[in-house]
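Examining the three-dimensional arrangement
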Amino acid sequence: MPALDWQGVLTGQPLQWILSGFFTTLWVTLAGTVLASLLAVLFLLLRLSPGRVGKGVVSVWVSLFRNTPLLVQLLFWYFAAWNGLPQGFRDLVNADHGWSVLPGNVWWFTPEFLCSAWGLGVFTSAFLIEEVESGLRAVPAGQREAALAQGFTGWRQFRYVLLPQGLTNAWQPVVGQYLNLMKLSSLASGIGFAELTYQVRQIESYNAHALEAFIVGTLLYLLTGVVMGLMLSRTGPARRRERHARGEKA
């Protein structure tokens, strides 16, 4: 086996590609995570509402996006749904905007970034809904009754009583879904999105240093996953409650 040549990956244009892909992966992961969380909260409210229509909409949403491969969804959003948007909006997105550059020289107001973030967020939201709902079911019924006795409205009961405790119960599976979103962002290379996997493959075509490029890419994914897991575990609801309890005891 020939010796590995790291100069072909960690210098010059290949290094710029790797850094660009890494920052792009971080930003699309953040955007997808925020979107998935917001969608999950919205659909959880619908599922907890008394009407059947809301529950039906959520069931269709979860069933559709959980049972369709993510790559198929990304291809649909990019090649079908995007072309169905108004031409004026597409022209606006395709124009150059200096304000759309994120740290790391990542352009977010592009069809590829928007479709990737939307696809990842929608896909992950379907799993978050089920994970958090399982956590909500574990909240004792007495908590709901106490909230009603205190005069909490449905939204305030959900926001201040049910959701914090439900997230505490389901936080580890939720963290797993966020990490999965980061990993699955590699599939966005299928629609030409220049994230880390896309850039690693570009290096392979550029100078044939495929092994070195994929080793670096793998290590970056691993490092990102470890850091994300530690950060989310340390800042999760359960940890905040523990720190708050220790503070009260002190």
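Data block above holds the structure.
This text gives an overview of the structure that appears in the document. (Residues numbered from 1 in each chain as written. Predicted model: local features only at pLDDT ≥ 70, side-chain atom pairs only at ≥ 80, totals over all residues. Heavy atoms only, no water.)

1. Comments concerning the packing of helix α6 (residues 141-149) against helix α7 (residues 154-184)
The N-to-C vectors of α6 and α7 enclose an angle of 165°; their axes lie 10 Å apart at closest approach. Accordingly, the angle class assigned to the pair α6 and α7 is roughly antiparallel. When you trace α6 past α7, the crossing you get is right-handed. Here Q143, R144, A147 and L148 of α6 come into contact with α7, specifically with Q157, V161, L162 and Q165. Looking at side-chain class alone, the contact of α6 with α7 contains four nonpolar, three polar and one charged residues. (Axes fitted to C-alpha atoms, helices over the stretch in contact; angles between N-to-C directions. Helix = DSSP H or I, 4+ residues; strand = E, 2+ residues; numbered from the N terminus. Parallel < 35°, antiparallel > 145°, perpendicular 65-115°, else oblique. Left-handed = near helix turned anticlockwise from the far one by under 90°. Contact = heavy atoms within 4.5 Å. Nonpolar A, V, L, I, M, F, W, Y, C, P; charged D, E, K, R; others polar.)

2. Examining the nonpolar core
One finds I18, W61, I129, V174 and L196 to be the most contacted residues of the largest nonpolar core, which totals 41 residues. Mapped by element, the contributors of at least two residues to this core are α1 (12-48), α2 (52-66), α5 (111-137), α7, α8 (196-207) and α9 (210-235). When residues in this core are grouped by element, the largest group, ten residues, is from α7. Ignoring any residue separated from it by four or fewer positions in sequence, one finds V174 in contact with L128, E131 and V132. Counting residues in hydrophobic clusters, the runner-up holds 19 residues, among them L74, C115, L181 and L184. (Core = buried A, V, L, I, M, F, W, Y, C linked by side-chain atoms within 4.5 Å. Buried < 20%, exposed > 50% of the residue type's maximum accessible area, 1.4 Å probe, protein only.)

Nothing here speaks to function; it is geometry throughout.
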